[in-house]
Amino acid sequence: MGPVSGKNFYGKGIFRDLLLIRTNGIGGAEYARNDGIRVIVFPKSKLAPDVLSTEELLIILRNFEIDFVLLAGFFKLIPLELVHAFARPILNIHLSLLPAFGGKGYYGLKVHKAVIASGGRYSGPTVHFVDAHYDTGQTLAQRVIPVLANDTPEELVSTVLNEEHNHVYVEAVTALCEDQIVWREDGGPLICSRSNPDEFS
């Protein structure tokens, strides 16, 4: 999970206030600590029974005045209390064009193996808002990537991750931070163009 951010994103004037991780030993945790970012292990598990409860985490998020939560590689279902407390501003990234190849059990290389096995011609990352279920929140942004005839799951994951890390997630988070997200009458989110407020993506 993480970074969890308040107010402001990296080179775009956005402060990273907290990093939540699901287990100790994650490489990014040491980087965060060295950068002065508080690191918290969440949720409790058999391997980490002494970490924060959901209630304790919510208190910390409120004390830090966290405005939104960004998930990356967090395979656990987000607790309902957290979803309700931060209804819209929890974003996640998924490695397929949701709703295809999403839900419990679809993560990592499993997603790309399933895409290739299905004969699908396209894949790509999806940025979506988090709700009470796996990968069912409203889609904010997607990028379509062709699946080549000779692609392996490893090659496809590399292509999708490049698009995820360097483009679509950065753009979606920037839109969130800069108040570029508007909501249709049916509740669906759109990203408003910075140069032309009448254009949406």
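This text goes with the structure placed above it.
Residue positions are counted from 1 within each chain, in the order its sequence is given. Per-residue local features are limited, in this predicted model, to residues with pLDDT of at least 70; the limit for side-chain atom pairs, both in listing and counting, is 80 or more; totals at the level of whole chains, interfaces and linings are taken over all residues. Based on all heavy atoms of the structure, the side-chain values leave hydrogens and waters out of the count.

Draft legend 1. Quick look at unusual backbone geometry. Cis geometry marks the peptide bond from Leu-98 to Pro-99, where omega comes out at 15°. Of note in this structure, Asp-179 is not a glycine but carries a positive phi near 55°. The helix count covers DSSP runs of H or I at least four residues long, the strand count covers runs of E at least two residues long, and both are numbered beginning at the N terminus. With respect to the helices, strands and loops of the structure, Asp-179 is situated in the loop between α5 (153–177) and β10 (181–183).

Draft legend 2. Inspection of the packing of aromatic side chains at higher detail. Aromatic rings from Phe, Tyr and Trp, taking only the six-membered ring of Trp, are treated as a pair when their centres fall within 6.5 Å; an angle between ring planes under 30 degrees marks them as stacked, one over 60 as edge-to-face, and anything in between as tilted. Overall, the coordinates contain 2 aromatic pairs when judged by the stated rule. Relative to Trp-183, the ring of Phe-129 has its centre 5.2 Å away and its plane inclined at 45°; by these criteria the two rings are tilted. Here the residue Phe-129 occupies a position in strand β7 (residues 126–129), and Trp-183 occupies one in strand β10, the gap between them amounting to 54 residues. Only protein chains enter the accessibility calculation, which uses a 1.4 Å probe; a residue is then buried when its area is under 20% of its type maximum, exposed when over 50%, and partly exposed in between. Trp-183 gets classed as partly exposed once you look at its relative accessible area, which sits at 33%.

Draft legend 3. Layout of the nonpolar core. Residues belong to a common nonpolar core when they are buried Ala, Val, Leu, Ile, Met, Phe, Trp, Tyr or Cys residues joined through side-chain atoms within 4.5 Å. Counting residues in each nonpolar core, the largest one holds 19 residues, and the members touching the most others are Leu-57, Leu-61, Ile-78, Leu-82 and Ile-90. Looking at this core, the element that brings in the most residues is helix α2 (residues 54–63), giving 4 residues. Core analysis: the next-biggest nonpolar cluster, separate from the first, contains 17 residues, Phe-68, Val-127, Ala-141 and Tyr-169 among them.

Everything listed is a geometric property; what it means functionally is a separate question.
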